[in-house]
Amino acid sequence: MGELEHRLEALHPGRMLDLATGRGGGAAWLASIFAGDAPIVCSDFSPRGFRADSHAFGERRMLPLVCDGGALSLDEGTMDLVCCVNSLHHFPQPGVVLEEMRRVAAPGAALVISEMHSETSTDAQATHRALHHWWAACDRLMGEYHGETFTRAELQGLVENMEPAELLVEERHADGGDPQDPRLMRWLENGCDGYLQRLRDHGGSEDLIRRGLDLKQRLREKGFSPAPRLIILAVL
């Protein structure tokens, strides 16, 4: 457990919200820090957002809440901790989402943002960034907003604009592994093939198809490693 998690643990939050829960990674991370059965409100814009991975943090702790992240159906000042993991770049107006997170946070509450950022340091990490930006462009073409990754300064600036009483920023890198692990390569290539088929079915996406084919070749040549991410803790 890192310094940031220890600082979070010391806050002893009673009411927690995981914004844009998706597969449940953020909620699982909160559950790993805070033992016991304290409930975690898990919000997503659609019931389909609550995916099967919820067993990773114990379904009994999960209180699903279907609502827009920019207009949470929660009263002002009701949460002691509000968390958004790997999701802020999915909102076209991230500043609005952060203000909504602040609205539902109680005085002295903590806001946590965790996002991969675009400032990679290896070819394999740059593959992750390039793939993510391609996936995002494909999603936008097909009607779903998906933004590119932030820079470190952009992410930190968004939170600093809220003028928190305390700010803690940590950069995390995934444990090293084989960037050309055959199973990982197959999984990623299959994912690329799925996007390519959707693009062909959609039509009008020749440039993105060529870009996807180039990325498959890059995967074989450079491999893949997770991009670095920032975790930002703001105490209000």
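Structure shown above.
Description of the structure in this document.

Criteria and cut-off values
Residues numbered from 1 in each chain as written. Predicted model: local features only at pLDDT ≥ 70, side-chain atom pairs only at ≥ 80, totals over all residues. Heavy atoms only, no water. Helix = DSSP H or I, 4+ residues; strand = E, 2+ residues; numbered from the N terminus. Rg over C-alpha atoms; globule rule 2.2 N^0.38 Å. Contact = heavy atoms within 4.5 Å. Buried < 20%, exposed > 50% of the residue type's maximum accessible area, 1.4 Å probe, protein only. Core = buried A, V, L, I, M, F, W, Y, C linked by side-chain atoms within 4.5 Å. Salt bridge = Lys/Arg side-chain N within 4 Å of Asp/Glu carboxyl O.

Considerations on the overall build of the protein
- Counting secondary structure elements, the protein contains seven helices and seven strands.
- Expected size for 236 residues packed as a compact globule is a radius of gyration near 18 Å; at 18 Å, the protein falls within 12% of this value.
- Seen through its principal axes, the protein has C-alpha atoms that stretch 50 × 35 × 35 Å.
- Relative to all contacts within the protein whose residues are 6 or more apart in sequence, the contacts with residues 24 or more apart total 75%.

So, helix α5 (residues 152-160)
- All buried positions along α5 are accounted for by Leu155, Gly157 and Val159.
- Taken together, the buried residues of α5 touch β5 (105-116), β6 (166-172) and β7 (229-235).

Here's the deal with the nonpolar core
- Counting 29 residues, the largest nonpolar core has Leu17, Val82, Leu88, Met101 and Ile113 as its most contacted members.
- Put simply, the parts of the chain that give this core at least two residues each are β1 (16-19), β4 (79-85), α3 (94-104), β5, α5 and β7.
- Tallying contributions element by element places β5 first for this core, with five residues.
- Among residues more than four places away in sequence, those in contact with Val82 are Leu17, Met101, Val104, Ala105, Ala110, Leu111 and Val112.
- Of all hydrophobic cores here, the second largest spans 21 residues; its members include Leu30, Ile33, Val112 and Leu233.

Digging into the side chain of Ser118
- Relative to the helices and strands, Ser118 resides in the loop between β5 and α4 (123-141).
- Overall, the relative accessible area of 13% leaves Ser118 in the buried class.
- Those residues within four positions of Ser118 in sequence are excluded, and the remaining contacts are Arg129, Thr149, Phe150 and Thr151.

Let's talk about the pattern of salt bridges
- Evaluation of the coordinates by the stated rule reveals 11 salt bridges.
- Taking the shortest distance from any N to any O, the salt bridge between Arg103 and Glu100 comes out at 2.9 Å. Residue Arg103 and its partner Glu100 are located together in helix α3, separated by three residues, close to a single helical turn.
- On the accessibility criterion, Glu100 (11% relative accessible area) is buried.
- The salt bridge partner of Arg220 is Glu189, with a shortest N-O separation of 3.4 Å. Taken together, the residues span a long stretch of sequence, with Arg220 in helix α7 (residues 206-222) and Glu189 in helix α6 (residues 182-202) at a distance of 31 residues.
- Judged by its relative accessible area of 42%, Arg220 falls in the partly exposed class.
- Taking the relative accessible area as the measure of exposure, Glu189 reaches 19% and is therefore buried.
- Connected through shared salt-bridge partners, Glu5, Glu170 and Arg172 make up one network.

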